[in-house]
Every structure is written in C-alpha cells, then in structure tokens.
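Structural features, examined
Spelled out from the first residue to the last, the chains are:
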Amino acid sequence: MGRLSTLFAPERVAVVGATDSEGSVGRAVTANLLDSYTGEIVAINPNKDTVLGLTCYDGFDAVDRPATIDVAVVVVPPTVAVDVIADAGEAGIENVVVITAGFGETGSDGAERERRLREVAREYDLNLVGPNSLGVMSTPVGLNATFGNEMASEGDISFMSQSGAFITAVLDWAAERDVGFKDIVSLGNKAVLDEGDFVAEWGDDPETDVILGYLEDINDGTKFVETAREVTQETPIVLVKSGRTDAGASAAASHTGAMAGSERAYEAGLDKAGTLRVESVQELFDYAQILSGQPLPDGDEIAIVTNAGGPGVMTTDAVGDSDLTLADFGDETFERLREEMPDEANIYNPVDIIGDAPAERFERALEIVLADDNVSMAAVVACPTAVLSFEDLAECVASAQERFGTPVAATLMGGKSVGAGAAVLGEAGIPNYFDPARAVGSLDALRRYREIQSTTYEEPTTFDVDRERAREILESAARRDSNRLGVEAMDLLDAYGIPTPQGSVVSSPTEAEAVAEDIGGDVVMKIVSPDILHKSDIGGVEVGVSVEDVRDTYEDLVVRARNYQQDATILGVQVQETIDLDSGVETILGVNRDPQFGPLVLFGLGGIFVEVLEDTTVRVAPVSESEASGMLDDIDSAPLLRGARGRDPVDEGALVETVQRLSQLVTDFPAIVELDINPLVATPDGVQAVDLRLTLDQEEL
C-alpha cells in the first residue's frame, strides 16, 4: 500500500464535532463508526461530556497520544474548520477527512476559506479529503466514516466519487445486487487529495481488482494521465465523467466549483490515460463485475449459446454493434455439435439448442464451443422453460468456464426464477444480465482492457529544432503588445521543421514585386493583420497573381483592409508561391490549450470544409509517432489521404512527422494558447503549411 494506507486502514479515528443531536451529521458519522468499525473511536466536542457512550474530549491536546490518531473526521462549522485542521496537523495527525461544506462551492468567502485550508494542509503535509465530502469507507476494517445510511459490503472494487449523493445511491443499489467494495471515498472539492492520488493508492493495493470513479472534472490532467497509464497496466479503471454536454458541464461547475474543460479534451485525456469511460451507472458496474470476475480474452471472437432464437438474434445484433466478431467454428466443432445436439438445433454461431434444452445440453454445447481455438469468449443466453432449472444451468456454466478459463457472460432472461441461478453465477465471478446487449458490452469491455494492457506507450520523438529562433518570433508579438500572430509568423513553423511555401511578408509594392520575381510564376497574396482573422471574407486574399500585377494587388489589398477596419494594424502583405491544391488534400492541424490536460493537438479535413464537416480528431500533447499515425486513421476522410477515387495517396509519413513537430512546438512553448495551420496541404511529395494563425498568453513568454 502507498502513503494513504492508514487513511483506509486506521487503528484510531477521531470525530471532531461528534454529537448525539438527532438529525445531525456529527451524530450520523459517530453512529456509523460505532456500528461497524473495529478500531478505537475518539469523540471530540468541547460542549459534550459523552456522545453515544463515548467519552468526549475538548480538543486534540486533551486526548492521550493524539499523534496515534490515524484519521481525523471534521464535521464542525466552516468558520472554525480550518483552525481545527491546523490543530490536527499540530497534533501530528496525517489524515484528515473534511465533511464540512461551505468552502469553494459556495462563493468568494468559501473560496478564500478553501485557500487557507490548502495552506494549512501544505504546512503540515496533510492527506486531506474534501472539504464538502460525504466521507470515506473501507470494508476490511468496517470503517464507515460517512454520514450515509448504508455500509458497503466487502468486495474487491474501490470507488471514488465527486458526488456524495451518488455514493449513497450506488450503495443502496449495490446492496440489492450483492456488489461489494474495498474502499470508497467521496472526493468533495478536492482541495488537496484528488482522483490521481486515489488511483495511485489503489493501483498499489493488492486487494483492489477494479477502480471505479464518478468524476465531474479532473484537477491535474497531466498527473492523472501519467498515473493512470501506469496503474492500468495491472488494474482497470472505469469512469463515468459527467458534464459531457454544455448543460451538464454548467451543472457540474455550479455543483462543486469545478471548471469543466471541453468534452473532447476529456475524451482524449481519458483515452490516453488508458481508462474505460462509460456513460451510465449500469455500464459502470457491468464493467466492474466482469473485469473483477473474468479473465481477459485472447481474441475478439465470441460464441453465443442459447435456447431461444429471438434472444440469439438480439445478441448477434449487439455483437455487430460492438468491436467483437462472431467466431467461425472449426470443422471439428461443427461435427461434435451435429452429433450431440438435436436435429432441429442450429449448430452455427449463434448456437440455438432449442427450447426444450435442459441444463446438461447447455453444458455440452458450451464445452464444445469453448474447446474451439477460434472462440475467445462466450455468451450464454437462456429463457425460462419448464425443463430448465436456472440454478442447474448456472452450475453448468460455472463449471465449463472454470474448466476452460475462457471469459463467459450470462443472460438469464427472467424475473423471480433467476435469483438462485444468478447467485451461483455471482459466486463464480460470472456476471448475469437480463439484456443480452449488456452481456456483449461487458465482454467487449474485457477486449478493450486487453488492448489497454497490451499498449506500449512510446516516448514522443524529439526533433532537432531552432528553439531560440522560435522564441524570438513569439516575443516579437509581445513587443508589439499583441497576443495574436498570423502568416507573419510562418518562420515559427520553419524553425520547427514544418515545411512552408516559398515567400515572405513585405511592407511595400516594390518588395512584393521582388519576392514574386524570385519565386517565379503566379503567386498568392494575403493581407497581414492580427486584427483581421478571416482574410478571404474581406477580399484580403488574391490567388494566381502574375508578377506584372503584384504592385497593384498590393495596393488593393491594403485599401480593402483599411476600408474594412480603419484602425486595423497592417503589418504588410504576404507574397507566397502557389500550391497546387488539386494534387493534394487540404487538412487542418491545430492546437488548443485545455485547462486540465494542457495542449490538445487536432488533425482533420481542412480548408473551407473544416467547420462544416467537422471531421477532426484530437490527442493530448506530447504526441508520439503511433498516436500521430492513429490520428490519420481516425478521421472519416482518411480514404482521401490514401488515394480514393484514383487519386495518388499523400505522403502519410510527412503528415505524421508534422503532427509530432507541432506537438513538440506547443509543448516547448506553453505561451501558445491556440494555433491553426489551415490548410496544411498534403501531397504525394510531402506537406506544406499554407496559412497560420495563433494566440499567445504573453505572461507565459
């Protein structure tokens, strides 16, 4: 166990604010501890002599050996809570659970109180849960330091939640379904300890087989990704992340004071972290049960054994909706099924052993398909009949699963007749679902986690670049007191090895003509102004300009810009070689800096279609070569890159390298808040960054 081991396995717990007043949080916490906790409980309340049979102390200094208190649970009013926490630190207590609300979630006064709480926690190096927390539980020692109304039953799942109410609902739900837990923590406002700390702790805990979480935000996305990537090599992490919609994100912010980052950032961050993200409580526990009870499959192929045609078809449809495939049986399997199943049975996958099948026929069919090397997992789907005992069936399924060591999920489609069978399956670690789609989804979760475990996280490539030149270009914007840069900063891309067309920004018609003559052939000319973002909308771009027309075009572009915005800062005009767009594909490569996860690199179909089609994908920087390559695979328009409709395929290697180089640029310079290369033209001969705009945070320079 890690540094939080005594938080979850304390020998001595103090309740500061213990009371016997009916309906109070202090009473609920104290009573819950008295009901099940195997260690010593210390009650602290200067206004009470005893509480629920416990001697009450005025403070930590009145307690014998206060430093031996492993956990202090604080349920005093917010106005005195910070002082109590300081007293705990002074007494040598390491773990504090602050149930008290009235901190960052309540406004400016509460935010200031939470700031002081952090300072105290830092001063005394406290492991502090909360504030605004329901509390913590740990079933091996009977610890229920919460004001909930239900104690968890023992199990191998550890669960964290940013909502205390969610924990109480889950515990009530789990009690009815015999789902057990190891540790539970209500994160509250996460002033000190956050989700990353508990992931790290449970990743080191041999008694935790699965980590579950309900999160509204993530405090430190970078830390979480690094921690979770390591933990998920041994222990699966399944998360519900709320706030997926704009309305949900707004509700989350008002609930806990969370600043919700963009949904795409969380999607990319949680994927990079190796977590399994789900969208419902049902999925959360479906995945938890199968991950804790079943082995991982060695492939994606599933066999279905059923006594009912309709549910068999439903299961097959669910397989089609997943990333699993129906197993192709070998000849020996068909021969054995043909010999041992009734003539009316369907021996092809899904195997329908017909409605008069007793448990023994299910067992034989399941054993036959599990013996097939082409089968990596199985779903057993059964409807109740007069000749079938679900309890007997469950024993047969459990026996077959144990014999072959292949993951199995069951769907016993019934109500009151299911109970005994479900209990037998539960004892064997085999999940049971009424809906076959849930069984398939859970088996697919095993496949997904197998992929996570087998993923090799490679370090991003570090390219030889000119950082000093890049820094000078960025600082030039600061010297102009501007936080925006456009094509005048194309040299920034050159400094990081990202190809750009020949050309430069000029400040006179004469210079423009000289550059055009040097390029040779027709050129593209663009107004350069940090105040005019959409140049083409105001006539600020001219394509196919001959050398003879360059002078007049320069003057026209400046006049149009002045007419559009008199006070606009005009830095000049860019003269650039013409890129043959017909032979290439216009893509977009960009960056947006997320408050939780840092820079997000975006790639997709670009040009004028980017906002219409929105065919883009996102990764958290820094981006490795395999991640960059995966971005090309992700977009729907990938066939355009690979020679669709007779076109020559583009140089994918150049695209992959450019993604990595931009990732290095924005990782090296946190001052870059947003950056768009649009279009980044990909051709069979390489790539060219045709246009650029970026936004800076000058304080980061």
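So, here is what we can say about the structure in this document. Throughout this description, residue numbers start from 1 for each chain and increase along the sequence as written. Per-residue local features of the predicted model are confined to residues with pLDDT of at least 70, and side-chain atom pairs are confined, for both listing and counting, to 80 or more; whole-chain, interface and lining totals are unaffected and use all residues. Side-chain calculation: all heavy atoms of the structure are included, whereas hydrogens and water are not.

Some details on the sheet that holds strand β23 (residues 541-545)
Quick reminder of the rule: In this scheme, strands are said to pair when DSSP sees at least two bridges between them. Helix numbering and strand numbering both begin at the N terminus, where a helix is a DSSP run of H or I of at least 4 residues and a strand a DSSP run of E of at least 2. Every axis in this analysis is a line fitted to C-alpha atoms, fitted for helices over the stretch in contact. Angles between the N-to-C directions lie between 0 and 180 degrees. By the convention used here, residues are in contact when the closest approach between their heavy atoms is within 4.5 Å.
The strand order across the open sheet formed by four strands is β21-β24-β22-β23, and the pairing between neighbours is antiparallel. Unpaired on one side and paired on the other, β21 (503-506) and β23 mark the two borders of the sheet. The average angle at which neighbouring strand axes cross in this sheet is 20°, direction not considered. Pairing geometry for β21 and strand β24 (residues 572-577), over four bridges, is antiparallel. Looking at β24, one finds that Val-505 is bridged to Gln-574. Helix α20 (residues 550-564) contacts β21, β22 (523-528), β23 and β24 of the sheet and is inclined by roughly 30° relative to β22.

Regarding unusual backbone geometry
Of note, the bond from Asn-349 into Pro-350 is cis; its omega dihedral lies within 30 degrees of zero at 5°. With omega at 5°, the peptide bond leading from Asn-678 into Pro-679 counts as cis. Among the structural elements, Pro-679 can be located in strand β28 (residues 672-683). We note that Leu-52 has phi near 50°; this positive angle belongs to a residue other than glycine. Mapped onto the elements of the fold, Leu-52 is located in the loop between β3 (50-51) and β4 (54-57).

A look at the packing of aromatic side chains
Put simply, the rule is: In this analysis, rings of Phe, Tyr and Trp, with Trp reduced to its six-membered ring, are considered paired at centre separations within 6.5 Å, and the interplanar angle assigns stacked below 30 degrees, edge-to-face beyond 60, and tilted for intermediate values. Residue burial is assigned from relative accessible area. The probe radius is 1.4 Å, only protein chains are included, and a residue is buried under 20% of its type maximum, exposed over 50%, and partly exposed in between. Two limits define a charge over a ring: the Lys NZ or Arg CZ must be within 6 Å of the ring centre, and within 35 degrees of the ring normal.
Applying the stated criterion across every chain, the model contains 13 aromatic pairs. A ring pair is formed by Phe-329 and Phe-334, whose centres lie 5.8 Å apart and whose planes are at 65°; its orientation type is edge-to-face. Residues Phe-329 and Phe-334 agree in their burial class; the two are buried. In this structure an aromatic cluster arises from ring pairing among Phe-159, Phe-166, Trp-173, Phe-181, Tyr-214 and Phe-285. Of note, Lys-241 hangs over the ring of Tyr-266, and the distance from its end group to the ring centre comes to 4.2 Å. Taking the ring centre of Phe-669 as reference, the NZ or CZ of Arg-467 above it sits at 5.7 Å.

Overview of the pairing of strand β13 (residues 237-241)
This is how the line gets drawn: Look down the strands so they point away from you; if going from the first strand over the helix to the second traces a clockwise path, that crossover is right-handed.
The buried fraction of β13 is high, at five of five residues. Here β13 shows two buried faces, one formed by Ile-237, Leu-239 and Lys-241 and the other by Val-238 and Val-240. Sheet topology places strand β12 (residues 210-215) next to β13; five bridges connect them, and they run parallel. Following the sheet pairing, Tyr-214 is matched in β13 by Val-240. Remark: the β12/helix α7 (residues 221-231)/β13 crossover connection has right-handed handedness. Pairing of β13 with strand β14 (residues 276-278), which is carried by three bridges, proceeds in the parallel orientation. Bridging across to β14, Leu-239 finds its partner in Arg-277.

Notes on the pairing of β24
Among the six residues that make up β24, five are buried, leaving the element largely enclosed by the rest of the structure. In this sheet, β24 lies alongside β22 in antiparallel orientation, the contact comprising six bridges. Of the residues in β24, the one forming a bridge with Val-524 is Gln-576.

Fair warning: the whole summary comes from geometry, so function is off the table for now.
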